[in-house]
Amino acid sequence: EYTVTREAGENVGEYPITAAGAANQGNYEVSYVGGAFTITAGARPEGKEITVTSYSGVYDAEEHSILVNNTVAGDTVEYSYDGGEGWEDELRTYTDVTAEPVEIKVRVTNANYGEPVELTGTVTITPKAVTVTANDNGKTYGADDPVLTATVTGTLNEDTVEYTVTREAGENVGEYPITAAGA
């Protein structure tokens, strides 16, 4: 009589198989020789293929980045911001307008599922529309011009935009356009 067991484990690798029992069994002197139980890499579970969701939106003063979808236990996710030359485990976030789409390479490794998966995502943040409206104003003939003002709509939090407010030249009685323009 004998037993056969293997070392516990479910990840890719080799696990010892042990056969054991009594050495003296009637007419036999029994020796036991172990073996190896090998688990090889398989395919990722159905519906768990790695995908990357990019972000594209208008500036909203919030942090944004890509999303890596369908990771499973044992996955290691790394990011590259230089086209794959260097890798790090920190996913950066972006708040301000990007001059061009920020490309983020993603590498997901898991020894249980063979070769690493490499994908690319982007973060694009475009400017938010802001309106600067010159406020109507006036004066009595011969008086100094009042301070010209404008109303800003569309900024977020404490953000400001630069602008100037001017009016068409003239001192005679009449209507003169007031203009708000970027500084």
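Described in the following lines is the structure provided in the data block. From a predicted model like this one, the values you see are computed outputs, not experimental measurements. (Residues numbered from 1 in each chain as written. Predicted model: local features only at pLDDT ≥ 70, side-chain atom pairs only at ≥ 80, totals over all residues. Heavy atoms only, no water.)

## Quick word on the pattern of salt bridges
Alright, step 1. On inspection of all chains with the given rule, the structure shows 8 salt bridges.
Alright, step 2. Salt-bridge contacts for E10 lead to R6; the nearest nitrogen and oxygen are separated by 3.0 Å.
Alright, step 3. Since its relative accessible area comes to 29%, R6 is described here as partly exposed. (Salt bridge = Lys/Arg side-chain N within 4 Å of Asp/Glu carboxyl O. Buried < 20%, exposed > 50% of the residue type's maximum accessible area, 1.4 Å probe, protein only.)

## Thoughts on the packing of aromatic side chains
Alright, step 1. Applying the stated criterion across every chain, the model contains 0 aromatic pairs.
Alright, step 2. Against the face of W87 rests R107, its NZ or CZ located 4.2 Å from the ring centre.
Alright, step 3. Looking at R167, its charged tip hangs above the ring of Y176, at a distance of 5.2 Å from the centre. (Phe/Tyr/Trp six-rings, centres within 6.5 Å; stacked < 30°, edge-to-face > 60°. Lys NZ or Arg CZ within 6 Å of the ring centre and 35° of its normal.)

## Details of unusual backbone geometry
Alright, step 1. Phi at N70 takes a positive value of approximately 75°, unusual for a residue other than glycine.
Alright, step 2. By the secondary structure assignment, N70 is in the loop between β8 (67-69) and β9 (76-80).
Alright, step 3. Residues other than glycine seldom take positive phi values, yet N157 does so here, at roughly 55°.
Alright, step 4. By the element assignment, N157 lies in the loop between β13 (150-153) and β14 (163-167). (Helix = DSSP H or I, 4+ residues; strand = E, 2+ residues; numbered from the N terminus.)

## A short note on the environment of E103
Alright, step 1. Here E103 is to be found in strand β10 (residues 102-109).
Alright, step 2. C-alpha of E103 to C-alpha of V123: the two residues are 20 residues apart in sequence and 6.8 Å apart in space.
Alright, step 3. Beyond its immediate sequence surroundings of up to four residues, E103 is in contact with S80, Y81, T120, G121 and T122. (Contact = heavy atoms within 4.5 Å.)

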